[in-house]
Amino acid sequence: MRDFSTKHLPDTPDAIAPDGSNVRILLELMGGGMAHFELAAGEVSTAVAHRTVEEIWFFLSGSGEMWRRQNQSERVVPVHAGICITIPIGTHFQFRSFGQEPLVAIGVTMPPWPDECEAYVVEGKWGATLPRKSR
């Protein structure tokens, strides 16, 4: 059995996500982990997909769009505070931030993020303004 944990949101990012967004790593348990993602105003992420991980994102602030594609199904949805989306395993996804403030979300990763080889770059909907980096 793991001990229970408590953590404050870090003041600065811990890492750069594979899509190029800033990540503040929160907590994890055996079944999943949680992180805080931030995409600066006016930025477009690199399009990626995951090999073994699926995620649920809940947007906290900012506004933008999220593009997702699975096989023949493809959608762009507006995202802003209060919107929750899923990213199943293998889904191609990309997001972009509009307006004057960053687009911010909390993401739950199931299982916990394994390593930098988890995500791979795919062809996206929009031209990325951020390079892909390892998380």
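Preceding this paragraph is the structure being described.
Residue numbers restart at each chain and count upward from 1, following the sequence in its written direction. Residues qualify for local features only when their pLDDT is at least 70, as the model is predicted, and side-chain atom pairs are given and counted only at 80 or more; totals for whole chains, interfaces and linings, by contrast, use all residues. Hydrogens and water molecules were not included; the side-chain quantities draw on all heavy atoms of the structure.

Visitor: Help me get a handle on the overall build of the protein, residues and values and all.
Guide: Secondary structure counts use DSSP, requiring at least four H or I residues in a row for a helix and at least two E residues in a row for a strand, with both numbered from the N terminus. The number of helices and strands found in the protein is 0 helices and 11 strands. Along the chain direction, N to C, the helices and strands of the protein fall in the order β-β-β-β-β-β-β-β-β-β-β. Relative to a compact globule of 135 residues, whose C-alpha radius of gyration would be 14 Å, the protein shows 14 Å and is just as compact. Per-residue burial for the protein yields a buried fraction of 41% across its 135 residues. Two residues form a contact once any of their heavy atoms are found within 4.5 Å. Put simply, 71% of the contacts in the protein that link residues at least 6 apart link residues at least 24 apart. Both definitions apply: the radius of gyration is a C-alpha atom measure, and the globule rule equals 2.2 Å times residues to the power 0.38. Any residue under 20% of the maximum accessible area for its type is buried, any over 50% is exposed, and the rest in between are partly exposed; the area is computed with a 1.4 Å probe on protein chains only.

Visitor: Hey, could you go over the side chain of Glu65 for me, with residue numbers and the actual values?
Guide: Tracing the backbone shows Glu65 in strand S6 (residues 63-70). Residue Glu65 is classed as buried on the basis of its relative accessible area, which comes to 19%. Whenever two N or O atoms come within 3.5 Å, that pair is a polar contact, provided that in protein one can donate a hydrogen and the other can accept it, and provided that, for residues adjacent in sequence, both atoms are side-chain atoms. At 2.6 Å, the side chain of Glu65 forms a polar contact with the side chain of Arg96.

Visitor: Got a sec to walk through the sheet that holds strand S10 (residues 103-110)? Specific residues and values, please.
Guide: Where strands meet in a sheet, backbone hydrogen bonds hold them as pairs that are either parallel or antiparallel. Here, strands pair whenever DSSP counts at least two bridges between them. The strand order across the open sheet formed by 6 strands is S1-S2-S3-S10-S5-S8, and the pairing between neighbours is antiparallel. The open sheet has two edge strands with one neighbour each: strand S1 (15-16) and strand S8 (84-87). Bridge count between S1 and strand S2 (residues 22-29): 2 bridges; the pairing is antiparallel. What sits directly across from Ile16, in S2, is Asn22.

Visitor: Give me the pattern of salt bridges: which residues, what numbers.
Guide: If the charged atoms of two oppositely charged side chains come close together, the side chains can form a pair. Only one rule defines a salt bridge in this text: a Lys or Arg side-chain nitrogen within 4 Å of an Asp or Glu carboxyl oxygen. If you walk through the whole model with that rule in mind, you get 2 salt bridges. Here Glu38 makes a salt bridge to Arg24, at a shortest N to O gap of 3.8 Å. A residue pair is termed long-range when its members are at least 10 positions apart, and Glu38 in strand S3 (residues 32-39) and Arg24 in strand S2 qualify at 14 residues. Looking at Glu38, the relative accessible area reads 21%, which means it is partly exposed. With a relative accessible area of 10%, Arg24 lands in the buried category. Ionic pairing is found between Glu65 and Arg96, a salt bridge with its closest N-O pair at 2.6 Å. Here Arg96 lies in strand S9 (residues 92-98) and Glu65 lies in strand S6, a separation of 31 residues in the sequence.

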